[in-house]
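Chain and residue survey
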Amino acid sequence: MTNQEKWANLSPSEFSQLQKYAEYSTKKIRDVLEEFHGNGVLAKYNPEGKQDILKQTIDLEGFKLFMKTFLEADLPEEFCEHLFTSFGNKVPHSSPLVKNKPQLLPGGLRISKSMTASRLAALSTSHIPEVIQLKDIVCYLSLLERGRPEDKLEFMFRLYDTDGNGYLDSSELENIITQMMHVAEYLEWDVTELSPILHEMMEEIDYDHDGTVSLEEWIQGGMTTIPLLVLLGLENNVKDDGQHVWRLKHFNKPAYCNLCLNMLIGVGKQGLSCSFCKYTVHERCVSRAPSSCIKTYVKSKKNAEVMHHFWVEGNCPKKCDKCHKTIKCYQGLTGLHCVWCQITMHNKCASHLKPECDCGALKDHILPPTTICPVVLERQATMKKEKSGSQQTNKLSDRNKMQRANSVTVDGQGLQITPVPNTHPLLVFVNPKSGGKQGERIYRKFQYLLNPRQVYSLAGNGPMPGLNFFRDVPDFRVLACGGDGTVGWILDCIEKANMIKHPPVAILPLGTGNDLARCLRWGGGYEGENLLKILKDIENSTEILLDRWKFEVIPNDKDEKGDPVPYSIINNYFSIGVDASIAHRFHIMREKHPEKFNSRMKNKFWYFEFGTSETFSATCKKLHESIEIECDGIQLDLNNVSLEGIGVLNIPSMHGGSNLWGDTKKRRSHRRIEKNRSDKRTTVTDAKELKFAYQDLSDQLVEVVGLEGAMEMGQIYTGLKSAGKRLAQCASVVIRTSKSLPMQVDGEPWMQTPCTIKITHKNQVPILMGPPPKTGLFSSIIKKTRNHSKE
């Protein structure tokens, strides 16, 4: 291979290398362009001081300085010359149907699938050029930037608007379509009959049908209906599919390298394992490992009906699911494990198994790659059906499907989900900050058990990207992995997403507290249980409604500064006084010394200590003198009770399992039971009637409880006392305070200046209740005996 042939194009590995450089840079393209003006480091390449510098040319030395300024690092000399030559070898756009032509990305930069001689022979080659167009460099490097979709769309519009008149005419749109075809080929999509689809999309963007596309029409189309960013190669969410995602791992049991077949030996992190498929290699072998990871979506609709097992060999110390004999993995790389259905077999046993995979025990949760494809391919398949179908009913359903396939999310998502009928795909949100490092481990485990495109970390852009991706998926469920705050955040985002149907939410509790998860039988915190069992519990869960309450705080003096109110919605509880004072002190101490609060036992100890000290200080003594409570318009009489705290409860759990409402007595009269059930939303303030008032997460009622002091709160929290004093059960609460008091909503405390608080019912959301715990015969007999003795 000659030097001239060597410089003909840029390989995907080099493209990836350039992306990594860009990830660590703080500079934007616009920042670098500013350096061409005034006293900038690149000003000498704009001697006339022109404002529009994109039409300027730049030589090799200037290009090196440009890249150093943009990446804030020196590129290797050879790599920099290679990149410079690739821009210099820009060729005119060719017909998208011509085979074996070089593929182009914005700016005309060629990306090759391999560096074989046969492929290079088809490319025009030349020596290193004297100058290249600055416009080409700027366009291409915009691929590497992470910016707002609107900014990227405007940038691409300016790039293709070659005459600069503010409109894209037919010839300019034709260049865009040609570019889209090149990107689709590079992504290895099925481009059969794709050209007419792209022409139709460009016609749809011309909303006023004047034959040209304005900037407003371009941005509106790109943000609402057409995946322009994906088709132009500016979104990475459809790239690199099938690439391994490596992480260092220590193996407790003997493990073997999938590449060199030798055992992994060493202290600490012994090797690299792929988070998606568990393919395992030595660190020295990783550069030679094939890109043989799972595909998360299909690139053609032709063979999208049947999915096959994806086997990874070795490192599976389990029993064979067919012969039930142990796989002796310590003898070498033996045994096969399917990433999708999670079955493990001897190599010989697997050879007798049918190749088709149905995702096994997780088929109700998983989105197989055959159910996800690029939007344009889904639309392409739909148009074919419309042409071949003759009946009006079929056409109508296909049009509906086409309309859905033509939708695209705001963040440039270019993939469309068509789930397997009668399944409930699971959308998983993981808060990596919850529960120490639990969140990160859970995130990786779910990426392995499910399709990685179903699993989202909340550390980036929050829940909205995942909700937008699943927007049109019927009957999907959401799993919130985190604390009560995470669950509330996700519920808020689902509400703001304005979905046709609110998906039910299950909870995998991480960290401490987790009162809502306890009430819904998901436990007080994840302790390393098998995630397959948790997924099975979600499958067998029951959908119920959860009340949510609007929480409004109106300060008496708006000029008086106080702490910000953390939430405007109550999911769990609200409290004032001694309980909130303890929580506020707990919160401040944990912020200063987080290392002292790294276990549930330590948290309980600190809480009891703050409760004890609060007993002696009594900061909220005689609370009734500075507070008024109104329940459904009825003023509560607090003069005859000595209270230091008030709680308004939506769920029967507070501070990690404390039930302030306590157990409810059963009525002996059957008639009175029926009367109570039929009169479900009646306001109850009578002390005798309150003894029989049940708590319900979906009764559109809240419970108001009084606390006599810090000692009582500490006793309830540690289980020494069952409950506080019941004050009311009602549908709305108004509280007026006359002095600054500690308050908390759903575990978030703050100090509040004198104010009026209004709590009213907001809405109900579907949420999943875990299956009841299985009990043995002996424990069930004891439980029945206890219940009988209570009655």
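This write-up is about the structure you can find in this document.

Rules and cut-offs
- Residues numbered from 1 in each chain as written.
- Predicted model: local features only at pLDDT ≥ 70, side-chain atom pairs only at ≥ 80, totals over all residues.
- Heavy atoms only, no water.
- Helix = DSSP H or I, 4+ residues; strand = E, 2+ residues; numbered from the N terminus.
- Buried < 20%, exposed > 50% of the residue type's maximum accessible area, 1.4 Å probe, protein only.
- Contact = heavy atoms within 4.5 Å.
- Areas by Shrake-Rupley, 256 points an atom, 1.4 Å probe, with all protein chains shown as cover.
- Arc of directions from axis to C-beta.
- Polar contact = N/O pair within 3.5 Å; in protein donor to acceptor, adjacent residues only side chain to side chain.
- Salt bridge = Lys/Arg side-chain N within 4 Å of Asp/Glu carboxyl O.
- Pairing = 2+ DSSP bridges.
- Axes fitted to C-alpha atoms, helices over the stretch in contact; angles between N-to-C directions.
- Parallel < 35°, antiparallel > 145°, perpendicular 65-115°, else oblique.
- Nonpolar A, V, L, I, M, F, W, Y, C, P; charged D, E, K, R; others polar.
- Disulfide = S-S within 2.5 Å.

Right, let's talk about the overall build of the protein chain for a bit. Per the secondary structure count, the protein chain includes 26 helices and 30 strands. By the burial criterion, 51% of the 791 residues in the protein chain qualify as buried. Sequence separation of at least 24 residues holds for 72% of the intrachain contacts in the protein chain that already meet a minimum separation of 6. As displayed, the protein chain offers around 38200 Å² of accessible surface, 51% of which is attributable to carbon and sulfur atoms.

The next point concerns helix H20 (residues 531–539). Here H20 has its buried residues at Leu531, Ile534, Leu535, Asp537 and Ile538. Looking straight down H20, one finds that the buried residues subtend no more than 155° of arc, so they occupy a single side. Residues of H20 that are buried make contact with strand S15 (426–430), helix H16 (438–449), strand S17 (477–482), strand S18 (505–509) and strand S30 (755–769). The opening residue of H20, the one whose side-chain oxygen lies 2.9 Å from the backbone nitrogen of leucine 532, is asparagine 530.

Under the definition given, this model contains eleven salt bridges. Lysine 68 is the partner of aspartate 74 in a salt bridge, and the nearest nitrogen-oxygen pair spans 3.8 Å. Aspartate 74 gets classed as exposed once you look at its relative accessible area, which sits at 55%. Exposure remark for lysine 68: the relative accessible area of 43% places this residue in the partly exposed category. Each of Asp492, Glu495, Arg548 and Lys762 takes part in one network of salt bridges that share partners.

Bringing the sheet that holds strand S9 (residues 280–281) into the picture now. With antiparallel pairing, three strands are arranged side by side in an open sheet as S7-S8-S9. A strand with exactly one partner marks an edge of an open sheet, and here the two such strands are strand S7 (246–249) and S9.

All right, on to the packing of H16 against H20 then. At their nearest, the axes of H16 and H20 sit 11 Å apart, and the two run at 70° to each other. As judged from the angle between their axes, H16 and H20 are roughly perpendicular. From H16, Ile442, Lys445, Phe446 and Leu449 reach across to H20, where they touch Leu531, Leu532 and Leu535. Looking at side-chain class alone, the contact of H16 with H20 contains six nonpolar, no polar and one charged residues.

What follows is about the state of the cysteines. Following the criterion strictly, the structure yields zero disulfides and no others. Between cysteine 730, a free cysteine, and cysteine 631, which holds the nearest cysteine sulfur, the sulfur-to-sulfur gap is 3.7 Å. Of the residues examined, cysteine 730 reaches a relative accessible area of 0% and is grouped as buried.

A word on the side chain of aspartate 206. Position of aspartate 206 among the secondary structure elements: in the loop between helix H10 (194–205) and strand S6 (213–214). There is a polar contact of 2.9 Å between the side chain of aspartate 206 and the backbone nitrogen of glycine 211. Residue contacts for aspartate 206: discarding those within four places in its chain leaves Gly211, Thr212, Val213 and Glu217.

Burial analysis of strand S24 (residues 645–649) places five of its five residues in the buried class, which makes it a mostly covered element. The alternating pattern of S24 places Gly645, Gly647 and Leu649 on one face and Ile646 and Val648 on the opposite face, and all of these are buried. Looking at chain direction, strand S21 (residues 573–577) and S24 are connected through five bridges and run antiparallel. The residue of S24 that forms the bridge with tyrosine 573 is leucine 649. Two elements, S24 and strand S25 (residues 702–707), share five bridges in a ladder whose sense is antiparallel. The partner of glycine 645 across the bridge, within S25, is leucine 707.

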